[in-house]
Amino acid sequence: MNHIEIHTDGACKGNPGPGGWGVLLKSGATEKELFGGEAVTTNNRMELTAVIEALAALKRPCKVALYLDSEYVRKGITEWIHGWKARGWRTATKQPVKNVELWQRLDEIVATSGHEIDWHWVRGHNGNPGNERADALANKGVDQIRGRG
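Quantities reported herein were computed from a predicted structural model and do not represent experimental measurements.

**Student:** Please explain the packing of aromatic side chains as it appears in this structure.
**Tutor:** How two aromatic rings sit relative to each other is set out by the distance from centre to centre and by the angle between their planes. All told, the structure shown has three aromatic pairs when counted by the stated rule. A ring pair is formed by Y72 and W103, whose centres lie 5.3 Å apart and whose planes are at 70°; its orientation type is edge-to-face. Remark: W103 occurs in helix 3 (residues 100–112) and Y72 occurs in helix 2 (residues 71–86); sequence separation between them is 31 residues. For the pair formed by Y72 and W103, the shared burial category is buried. Consider the rings of W84 and W103, whose centres lie 5.0 Å apart with planes at 65°: the pair is edge-to-face. In this pair, W84 is assigned in helix 2 and W103 in helix 3, connecting sequence segments 19 residues apart. Each member of the aromatic cluster is reached from another via a ring pair, and the members are Y72, W80, W84 and W103.

Here you go:
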């Protein structure tokens, strides 16, 4: 099974507002960068989209070390999702889960891809090279949406 290191990040200028997502994939000496954006979105949607796009880009099952600065995404996929599913995609307070279609897509990828994923939270904007690159890519996605990229 290939080992891959992934760094993801999302950015939003206004919340909601124009947003971007960025991904850095590293396998040995090989690196690949992905980014994109949406005209009207939220930071949480971009954080989720970055992880979805990163995992969807992998062509075969991999051993993944995934680094992200979003506790929302990390806790959502490792802790909260089980309760949401048991309650019919409702929160503990019986409210509909926000961004449910993205959570369902991420859940599907995690469940069916065959990837072994280790989820690692890192502090954002704190000098972590992979996180800084993913952040720059997310901002490139914002610039592309704004017509400056």
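Following the structure, the description resumes.
**Student:** Would you take a moment to explain the sheet that holds strand 1 (residues 2–12) for this structure?
**Tutor:** The strands making up a sheet are joined through hydrogen bonds of the backbone, oriented either antiparallel or parallel. Taken together, five strands build an open sheet; the order of strands is 3-2-1-4-5 and the sheet is mixed. In this open sheet, the two strands that pair with only one neighbour each are strand 3 (30–41) and strand 5 (116–121). Each strand axis lies, on average, 20° off the axis of its neighbour in the sheet, ignoring direction. Both strand 1 and strand 2 (residues 17–27) contribute to a ladder of eight bridges, which runs antiparallel. Bridged to H7 within strand 2 is L24.

**Student:** Can you help me understand the environment of L102 in this one?
**Tutor:** One can find L102 in helix 3. Separated by 57 residues in sequence, L102 and R45 place their C-alpha atoms 7.6 Å apart. Not counting residues up to four positions away in its chain, the partners in contact with L102 are R45, L48, T49 and I52.

**Student:** What exactly am I supposed to notice about the environment of I117 here?
**Tutor:** Here I117 is to be found in strand 5. Counting along the chain gives 51 residues from I117 to L66, while the straight-line C-alpha distance between them is 6.8 Å. When neighbours within four sequence positions are excluded, I117 is seen to be in contact with L55, V64, L66 and V110.

**Student:** Sorry, what's going on with the pairing of strand 4 (residues 62–68) here?
**Tutor:** Two faces belong to every sheet, and in a regular strand the side chains alternate between them. Because side chains alternate across strand 4, one face comprises the buried residues C62, V64, L66 and L68, and the other comprises K63, A65 and Y67, none of which is buried. Taken together, the six bridges between strand 4 and strand 5 define a ladder with parallel strand orientation. Paired with L66 across the two strands is W119, which belongs to strand 5.

**Student:** Could you clarify how one ought to interpret the pattern of salt bridges in this entry?
**Tutor:** Pairing is possible between side chains that carry opposite charge, provided their charged atoms lie close to one another. Under the counting rule described, the total for this entry stands at seven salt bridges. Of the charged contacts, one joins R133 and E31 as a salt bridge, the two residues approaching to 2.8 Å between their closest N and O atoms. In this pair, R133 is assigned in helix 4 (residues 129–145) and E31 in strand 3, connecting sequence segments 102 residues apart. Using a relative accessible area of 32% as the deciding quantity, one classes R133 as partly exposed. Connected through shared salt-bridge partners, E31, E33 and R133 make up one network.

**Student:** Help me understand helix 2 in this model?
**Tutor:** The α-helix winds at 3.6 residues per turn, so residues separated by three or four positions along the chain end up facing the same way. With 16 residues, helix 2 should reach 22 Å at 1.5 Å per residue; the first-to-last C-alpha distance of 21 Å fits that figure. At W80, helix 2 shows its strongest bend, of approximately 60°. Looking only at helix 2, the buried set comprises Y72, V73, R74, G76, I77, I81, G83 and W84. Residues of helix 2 that are buried make contact with helix 1 (43–56), strand 4, helix 3 and strand 5. Immediately beyond the C-terminal end of helix 2, within one or two residues, lies G88, with a positive phi of roughly 70°.

Cut-offs applied
- Residues numbered from 1 in each chain as written.
- Predicted model: local features only at pLDDT ≥ 70, side-chain atom pairs only at ≥ 80, totals over all residues.
- Heavy atoms only, no water.
- Phe/Tyr/Trp six-rings, centres within 6.5 Å; stacked < 30°, edge-to-face > 60°.
- Helix = DSSP H or I, 4+ residues; strand = E, 2+ residues; numbered from the N terminus.
- Buried < 20%, exposed > 50% of the residue type's maximum accessible area, 1.4 Å probe, protein only.
- Pairing = 2+ DSSP bridges.
- Axes fitted to C-alpha atoms, helices over the stretch in contact; angles between N-to-C directions.
- Contact = heavy atoms within 4.5 Å.
- Salt bridge = Lys/Arg side-chain N within 4 Å of Asp/Glu carboxyl O.
- Expected span 1.5 Å × (residues − 1).
- Bend = angle between axes of the 7 residues up to and from the residue.

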